[in-house]
Amino acid sequence: MSSFDAPTVIRIKRDGAALPDAAIDWVIDAYTRGAVADEQMSALLMAIFLRGMTTPEIARWTAAMVNSGERLDFTDLRRDGKPLALVDKHSTGGVGDKITIPLVPVVMACGGAVPQAAGRGLGHTGGTLDKLESIPGFTAELPKGQIRQQLSGIGAAIFAAGELAPADRKIYALRDVTATTESLPLIASSVMSKKIAEGARALVLDTKVGSGAFLKTEQEARDLARTMVDLGAEHGLATRALLTDMSAPLGRAVGNAVEVVESLEVLAGGGPPDVVELTLALAAEMLDAAGLDGVDPAQTLRDGSAMDAFGALVTAQGGDWDAKLAERLPVGPHTETITAPRDGTMESIDAMAVGLAVWRLGAGRSLPGERVQSGAGLHIHRRIGEPVSAGEPLFTLYTETPERFEPAMAELDGGWVVGATASPPRPLIIDRITSGD
Ligand code: URA
């Protein structure tokens, strides 16, 4: 008979005290087994959201989440007789953040091996799995044997976490629909439990800062990055982080299929400069962390090897791949356009407003397990700093269900400004945090 019960654990946190280690171990295990109800975990998550957690509590909560499932190990795998350079990246969540899609093939083409446990959309931010599943036939439900085969054969697998950190799978889905996403302890433990369990040897974190990030201020984002880097070190996962700007959306496309289309542009050697810059910066960090010196990630975008790697990845995961994939992706079918009210310059585009608009168009969930719309999304025709003429299109919105346009337009209202001058551009990469700092 356990000495804990859910109301007692909730009450401890509700009243602002630290949870004892044994209470954390018990509640994570009991929730994973179904012995704590969703409504009880929801109340505990809200108490954590409001009261926070100490550093030792976060460490214990993360370890309990890792222990809720299996921990993969690929150190026995070889390619050309050599151990794999196992390295991954994870973002803390942004708007238009499709970076994983071009980044993984770049790293594959440079000789890395990426075991990526990826997530679905969370709150106003998109999820890699929801985006990739807009490719006809693509599956992220990979058996362990297939992950191993892909890693040693083609150098990557992007998969739903499944039996890795199953506590996170349940808590993540609950946070998405209970307004408990924007919490440092919950983000840090969610990201790191999956990444510790997935079998990478090195990890690069893209920690977002700004209106479209879960944590808005630079100080909060720094604290999050530091917490995650330290959690990685405690579990033998060499972790480093970039702090990157998320005050405006990344690229011109936000949504599911539309972001895959934009990623294909990057893989073809084009695409928006900010998406290319961040892809290459993260690739350089991953290659360095994996000990792969002397390879130029930019070359893989120029010579087509990253595109070939993406084709191999999509094909291995059941996707219907050919050179015309972008034309077959399900964008739309209903569209609405917002036009410029006056001549001027695009002064600002708020990432949060765009993220919420795209969520309203059907790209994210408001109920657990809800089907997302592959076709939902938005195109930004004029980015910050670009000149605007009265009457020209600024944004095109896409959905499968046109009644969603009205609430989506309401989210965008006030979220962008055409003015006389644009504010000076913010640097995309703000800082770099390593375990030695
Ligand atoms: N990514 C995750 O895996 N979890 C979070 O909480 C946020 C981003």
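Everything numeric here is computed off the predicted structure, so don't read it as measured data.

**Digging into the packing of helix H4 (residues 55-67) against helix H10 (residues 218-234)**
If you want to describe how two helices pack, look at the angle between their axes and the distance between the axes.
And step 1. The interhelical angle for the contact between H4 and H10, taken along N-to-C directions, is 55 degrees, at an axis separation of 11 Å. With respect to H10, the element H4 is oriented oblique. Between H4 and H10 lies a crossing of right-handed hand. Mapping the contact onto sequence places Ile-58, Ala-59 and Thr-62 in H4 and Thr-227, Leu-231 and Glu-234 in H10.
And step 2. For the contact of H4 with H10, the per-class residue count stands at three nonpolar, two polar and one charged.

**Quick notes on the side chain of Lys-89**
And step 1. Locating Lys-89 in the fold gives a position in strand S3 (residues 87-91).
And step 2. Within the buried core, Lys-89 has no salt-bridge partner, and the shortest N-O distance to an opposite charge, that of Asp-97, equals 4.5 Å.
And step 3. One polar contact links Lys-89 to Thr-100, side chain to side chain, over a distance of 3.0 Å.

**Description of the domain arrangement of the protein chain**
And step 1. Here the protein chain is described as being made up of domain 1 (6-65), domain 2 (78-325 + 430-434) and domain 3 (329-419).
And step 2. For domain 1 versus domain 2, the distance between C-alpha centres works out to 28 Å.
And step 3. With 19 residues of domain 1 at the interface, the matching set in domain 2 holds 26 residues.
And step 4. The largest contributions to the domain 1 side of the interface with domain 2 come from Leu-45, Phe-49 and Met-65, which together make up 34% of the buried area.
And step 5. Viewed at the interface, domain 2 and domain 1 are joined by zero salt bridges.
And step 6. Elements supplying a minimum of two residues to the side of domain 1 that touches domain 2: helix H2 (21-33), helix H3 (38-51) and H4.
And step 7. With seven residues, the top contributor of residues to the side of domain 1 that touches domain 2 is H3.
And step 8. Partitioned by chemical class, the residues of the side of domain 1 that touches domain 2 number 13 nonpolar, five polar and one charged.

**A short note on the packing of aromatic side chains**
And step 1. Counting across every chain of the model gives three aromatic pairs.
And step 2. Aromatic pair Phe-310 and Trp-321: ring centres 5.7 Å apart, planes at 85 degrees, arrangement edge-to-face. Residue Phe-310 is located in helix H14 (residues 305-316), and its partner Trp-321 is located in the loop between H14 and helix H15 (325-328); the two are separated by eleven residues in the primary sequence.
And step 3. Assessed through its relative accessible area of 2%, Phe-310 is described here as buried.
And step 4. The exposure class of Trp-321 is partly exposed, given its relative accessible area of 26%.
And step 5. Over the face of the ring belonging to Tyr-31 we find Lys-170, whose NZ or CZ atom lies 4.3 Å from the ring centre.

**Focus on the pattern of salt bridges**
And step 1. According to the stated counting rule, one finds 33 salt bridges in the structure shown.
And step 2. Among the ionic pairs, Glu-141 bridges to Arg-120, the shortest N-O distance being 3.7 Å. With Glu-141 in the loop between helix H6 (128-132) and helix H7 (144-153) and Arg-120 in the loop between strand S4 (114-118) and H6, this pair connects stretches of sequence that are 21 residues apart.
And step 3. By relative accessible area, which is 24% here, Arg-120 ends up partly exposed.
And step 4. Note that Asp-322 and Arg-328 form a salt bridge whose closest N and O atoms lie 3.2 Å from each other.
And step 5. The class for Asp-322 is partly exposed, based on a relative accessible area of 32%.

**Digging into the side chain of Asp-130**
And step 1. Relative to the elements of secondary structure, Asp-130 occurs in helix H6.
And step 2. The buried category is assigned to Asp-130, whose relative accessible area is 2%.
And step 3. A polar side-chain atom of Asp-130 sits 3.4 Å from a polar atom in the side chain of Arg-120.
And step 4. Residues contacting Asp-130, with those up to four places away along its chain left out, are Arg-120, Gly-121, Asn-256, Arg-365 and Val-372.

**Describing the sheet that holds strand S8 (residues 253-255)**
And step 1. A sheet is described by the order of its strands in space; here four strands give the open sequence S8-S11-S13-S9, paired in antiparallel fashion. Whereas interior strands pair on both sides, the edge strands pair on one side only; in this sheet they are S8 and strand S9 (334-339). Across this sheet, the average inter-strand angle for adjacent strands is 15 degrees, counted without regard to direction.
And step 2. Note that S9 and strand S13 (residues 393-399) share six bridges and pair antiparallel. Its bridge partner being in S13, Glu-336 is matched across the sheet by Leu-397.

**A short note on the site of the ligand**
And step 1. His-90, Ser-91, Thr-92, Leu-122, Tyr-172, Arg-175, Ile-187, Ser-190, Val-191 and Lys-194 make up every residue found near the ligand.
And step 2. Taking Ser-190, its side chain carries an N or O atom lying 2.7 Å from a nitrogen atom of the ligand.
And step 3. Contact with the protein chains covers 97% of the free accessible surface of the ligand, which is 240 Å².
And step 4. Elements supplying a minimum of two residues to the shell around the ligand: S3, helix H8 (166-176) and helix H9 (184-197).
And step 5. Counting residues per element, the shell around the ligand draws most heavily on H9, at four residues.
And step 6. Grouping the constituent residues of the shell around the ligand by class yields four nonpolar, four polar and two charged.

Conventions adopted
- What you see as residue numbers is a count from 1 along each chain, following the sequence as written.
- Predicted model: local features are reported for residues with pLDDT of at least 70 only, side-chain atom pairs are reported and counted for 80 or more only, and whole-chain, interface and lining totals are derived from all residues.
- As a rule here, side-chain values come from all non-hydrogen atoms in the structure, and water together with hydrogens is ignored.
- Lines fitted to the C-alpha atoms define the axes, with helices restricted to the stretch that makes contact. Angles between their N-to-C directions range from 0 to 180 degrees.
- For helices the rule is a DSSP run of H or I covering at least 4 residues; for strands it is a run of E covering at least 2, with both sets numbered from the N terminus onward.
- Convention used here: angles under 35 degrees read as roughly parallel, angles over 145 as roughly antiparallel, angles from 65 to 115 as roughly perpendicular, and any remaining angle as oblique.
- Two helices crossing with the near one rotated counterclockwise from the far one by less than a right angle form a left-handed crossing, whereas a clockwise rotation gives a right-handed crossing.
- Contacts are assigned to residue pairs that have any heavy atoms within 4.5 Å of one another.
- Only Asp, Glu, Lys and Arg are considered charged in this grouping, and only Ala, Val, Leu, Ile, Met, Phe, Trp, Tyr, Cys and Pro are considered nonpolar; every other residue, Gly among them, is considered polar.
- The buried label applies to any residue whose accessible area, calculated with a 1.4 Å probe on protein chains only, is under 20% of its type's maximum; exposed applies above 50%, and partly exposed to all values in between.
- His residues and chain termini do not enter the charge count, which takes Lys and Arg as positive and Asp and Glu as negative.
- Any Lys or Arg side-chain nitrogen found within 4 Å of a carboxyl oxygen on Asp or Glu counts as a salt bridge.
- Polar contact is the term for a pair of N or O atoms within 3.5 Å; when the atoms are in protein, one must be able to donate a hydrogen and the other to accept it, and sequence-neighboring residues count only if both atoms are side-chain atoms.
- Where a domain begins and ends is set by an automatic assignment or by a domain database.
- Put simply, buried area is the surface a 1.4 Å probe can reach on two separate parts but cannot reach once they are joined, added for both.
- Classification of ring pairs rests on two measures: the distance between centres of Phe, Tyr or Trp rings, Trp counted by its six-membered ring, which must be within 6.5 Å, and the angle between planes, read as stacked under 30 degrees, edge-to-face over 60 and tilted in between.
- In this analysis the charged atom, NZ for Lys or CZ for Arg, is taken to sit over a ring once it is within 6 Å of the ring centre and within 35 degrees of the ring normal.
- Following DSSP output, two strands are said to pair if at least two bridges run between them.
- Nearness of a residue to a molecule or strand requires only that one of the residue's heavy atoms be within 4 Å of it.
- For the area figures, the Shrake-Rupley method with a 1.4 Å probe applies, and any residue is considered shielded solely by the protein chains shown.

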